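As a plain string of letters, each chain reads:
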Amino acid sequence: QHATKIHRIEEIKKYGYQPDLPFRRNSYRVTVSRDPIKRFLSACEYLKDEYNRQRNITGKDDLNEKELYELHKLSDVQRLPKNIDDVINGVWNGEIQNSHFYTQTHYLGNRGQYHQIYPMNRFGDLLVFLKYHNEYTGTESLTKVRNKSSYTNYPSVEQLTGGQKKRIMRIYEEDYDYGWTEN
């Protein structure tokens, strides 16, 4: 993960158009929009699984913040509470601050900046677009990646209560206001 983040930073410095980051000059702008609740739960699963993976690497049951920092200096992994309500409350009140919980609006900005926006449930259509429009991507072939959360640490969307969904929606109110959803 450390090497991946360094690579991204180098790519941005090399190809990014500084007056209009995160874009490249004269780029055809395509992005994927996700359901905020699914995205929140996916972040929870990723952070829990990555923390456990790092803990297994070190052989320690409980990594302190300094040890986590040393393990992956550019990583954004942290220990999360076991209970989903504690995670929701922690993100809402700022006790849990992690870039994986930032809004899509934070990362993607204004929908008007994009030529095409694909909802996550139509990700296959994006792959088809990229395959047949390599003049935009500069790639001849694509590797299909499956991004599916396992829901082994926290409930799935269907298992959340109505109140839990509403509290997550409150965290991502800006995404709903700006249309960064899957619908």
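We now turn to the structure provided with this report. (Residues numbered from 1 in each chain as written. Predicted model: local features only at pLDDT ≥ 70, side-chain atom pairs only at ≥ 80, totals over all residues. Heavy atoms only, no water.)

**Examining the pattern of salt bridges**
Scanning all chains against the criterion turns up 3 salt bridges. Notably, a salt bridge pairs Asp 85 with Arg 167, separated by 3.2 Å at the nearest N-O pair. Of this pair, Asp 85 sits in helix H4 (residues 84-93) while Arg 167 sits in helix H8 (residues 162-171); the two residues are 82 residues apart in sequence, bridging distant segments of the chain. By relative accessible area, which is 25% here, Asp 85 ends up partly exposed. Of the charged contacts in the structure, one is a salt bridge between Arg 122 and Asp 125, with a shortest N-O distance of 2.6 Å. On the basis of relative accessibility, which here comes to 38%, the residue Arg 122 falls in the partly exposed class. (Salt bridge = Lys/Arg side-chain N within 4 Å of Asp/Glu carboxyl O. Helix = DSSP H or I, 4+ residues; strand = E, 2+ residues; numbered from the N terminus. Buried < 20%, exposed > 50% of the residue type's maximum accessible area, 1.4 Å probe, protein only.)

**Describing the environment of Ser 33**
The residue Ser 33 is located in strand S1 (residues 30-33) in this model. As for Ser 33 and Pro 119, which are separated by 86 residues in sequence, their C-alpha atoms are 4.7 Å apart. Those residues in contact with Ser 33 that lie beyond four places of it in its chain are Gln 104, Arg 111, Ile 117, Tyr 118, Pro 119, Met 120, Gly 179, Trp 180, Thr 181 and Glu 182. (Contact = heavy atoms within 4.5 Å.)

**Some words on the packing of aromatic side chains**
Centre distance and the angle of the planes are the two values used to describe a pair of aromatic rings. According to the stated counting rule, one finds 6 aromatic pairs in the structure shown. Where Tyr 28 meets Phe 129, the ring centres are 5.7 Å apart and the plane angle is 25°; that geometry is what we call stacked. With Tyr 28 in the loop between helix H1 (2-15) and S1 and Phe 129 in helix H6 (residues 123-132), this pair connects stretches of sequence that are 101 residues apart. Of the residues examined, Phe 129 reaches a relative accessible area of 7% and is grouped as buried. Geometrically, the ring pair formed by Tyr 118 and Phe 129 is tilted, given 6.3 Å between the ring centres and 45° between the ring planes. Residue Tyr 118 is found in strand S2 (residues 116-119), and its partner Phe 129 is found in helix H6; the two are separated by 11 residues along the sequence. One exposure class covers both Tyr 118 and Phe 129, and it is buried. Between Arg 111 and the ring centre of Trp 180, over which it is positioned, the NZ or CZ distance is 5.1 Å. Directly above the aromatic system of Trp 92 lies the positively charged group of Arg 170, at a separation of 3.8 Å from the ring centroid. (Phe/Tyr/Trp six-rings, centres within 6.5 Å; stacked < 30°, edge-to-face > 60°. Lys NZ or Arg CZ within 6 Å of the ring centre and 35° of its normal.)

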